[in-house]
Structures are given as C-alpha cells and as structure tokens.
Amino acid sequence: MFSDQAFLRGITRFERSLAKVLSLLLTVVLVVAGLQLALALGVDLLDLRVDWSGEGLIRLLDQVLVLLIALEVLQNLTAYLRDNVVQIELVLATALTAVSRKLIVMPPGVQKNPSDLLGLGFAAVALAASYWLVRNAQVSRQTPRTAPTTAFPDPDPLPPPDGDGGV
C-alpha cells in the first residue's frame, strides 16, 4: 500500500502542519491575552482600592508568568519548525518557569500543606539541575573559538618572501 518512506513523509508533513496551526493559534491567544492584561492593568491602576502589595501584585505576576510560559511554548514550536527537533533546553526552561510560577503565586491556604510545597520545591531543583546539565553538555560540545575553521589548516599562512628583502 504505502512504502515506509512515503508514510514517514506523510507523518512529517502532518507534524509540521499541526505545529504551524498550533503556532498561529497560540499567537492569536497571546495577542488577546496581552491586550486583556494591559486593559485589566489599566483599570486596576485607576482603582485606588487595589492592594498592590498583596493579592493585586500576586494576581498580576500570575498573569505575566502565564504569558511568559505561553511565549516559551511558542518558542518551542517555532524551534521545532526551524530545526525539526525538540530542543530540550527550551522545554526545561519552560517547565522551570511553570513550576516557579506555581511557587511564586501559591495561594496562602496551600502553604498549610507542606507536601505540596516540598514537591514543587523538589521539582524546581530537579528542573534547574537538569537545565544546568544540558546547558553544560552543550557548551562542552562546542568547538573553541580559536580552532581553525577548516579541517585542513594552511601549513604556510605567510606569503613567500620576495627576493628584494621585503621592500
């Protein structure tokens, strides 16, 4: 019926098409969410009853971090479309941002359950360590900037001397 190569090409086309559709949809959502955030912030700034040192600030941070996470997911999608691979460093950074958001905006009632806080803290440390390991592995695999750009360096980089003593 289908050869393996034709089947794999079809799957690849489907994956790329779906990534493009998801990227477009996420872009629309980000634009709308950004406008909503700007509008809500404008209204809250005019309302003198908003407590910016407490719940109001936490709510704003939550919305900003959610937008940041969505932007990172969009970066993951565009990196997949550009390089045709899932970049683990981006995925780990997105996950670390999501877990950190949970820790930052955790409601006061949740702090009574230490196992939730301990679990999120462990997840944040594990993700940070994973990110550090992946980042260091990538840095160590890069060639140094002083290395020659070709596989066969020129054995005699200086021009041959002229017969008149260089004048």
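Each remark here, short or long, concerns the structure printed above.
Quick caveat, the model's predicted, so the values are computed rather than measured.

**Quick word on the pattern of salt bridges**
Here's step 1: Considering all chains together, one arrives at three salt bridges under this definition.
Here's step 2: R59 is the partner of D44 in a salt bridge, and the nearest nitrogen-oxygen pair spans 2.9 Å. Taken together, the residues D44 in helix α1 (residues 4-46) and R59 in helix α2 (residues 55-83) connect sequence positions 15 residues apart.
Here's step 3: Owing to a relative accessible area of 37%, R59 belongs among the partly exposed residues under this scheme.
Here's step 4: R101 is paired through a salt bridge with D62; the nearest N and O atoms lie 2.6 Å apart. Taken as a pair, R101 in helix α3 (residues 88-104) and D62 in helix α2 lie far apart in primary sequence, 39 residues in all.

**Concerning a nonpolar patch on the surface**
Here's step 1: Taken together, the side chains of F14, L18, V21, L22 and L25 make up a nonpolar region of the molecular surface, amounting to roughly 470 Å² of accessible area.
Here's step 2: Among the structural elements, F14 can be located in helix α1.

**Regarding the environment of T78**
Here's step 1: Looking at the element boundaries, T78 is found in helix α2.
Here's step 2: In this structure T78 comes out as partly exposed when scored by relative accessible area, which is 31%.
Here's step 3: Sequence separation between T78 and S23 is 55 residues, and the spatial gap between their C-alpha atoms is 7.2 Å.

**Here's the deal with unusual backbone geometry**
Here's step 1: The backbone of N84 sits at a positive phi, close to 60°, despite the residue not being glycine.
Here's step 2: Relative to the elements of secondary structure, N84 occurs in the loop between α2 and α3.

**What to know about the nonpolar core**
Here's step 1: Core analysis: the largest hydrophobic core is formed by eleven residues, namely A19, L26, L30, L37, L60, L67, A70, L74, L77, Y80 and L81.
Here's step 2: Contributing elements (two or more residues each) for this core: α1 and α2.
Here's step 3: Broken down by element, the residue count for this core peaks at seven residues, all from α2.
Here's step 4: In this structure L60 touches L37, L41 and W52, once residues within four positions along its chain are discounted.

The rules behind each value
- Residues numbered from 1 in each chain as written.
- Predicted model: local features only at pLDDT ≥ 70, side-chain atom pairs only at ≥ 80, totals over all residues.
- Heavy atoms only, no water.
- Salt bridge = Lys/Arg side-chain N within 4 Å of Asp/Glu carboxyl O.
- Helix = DSSP H or I, 4+ residues; strand = E, 2+ residues; numbered from the N terminus.
- Buried < 20%, exposed > 50% of the residue type's maximum accessible area, 1.4 Å probe, protein only.
- Patch = residues over 30% accessible without salt bridge, like charges linked within 9 Å, V, L, I, M, F, W, Y side chains within 5 Å.
- Areas by Shrake-Rupley, 256 points an atom, 1.4 Å probe, with all protein chains shown as cover.
- Core = buried A, V, L, I, M, F, W, Y, C linked by side-chain atoms within 4.5 Å.
- Contact = heavy atoms within 4.5 Å.

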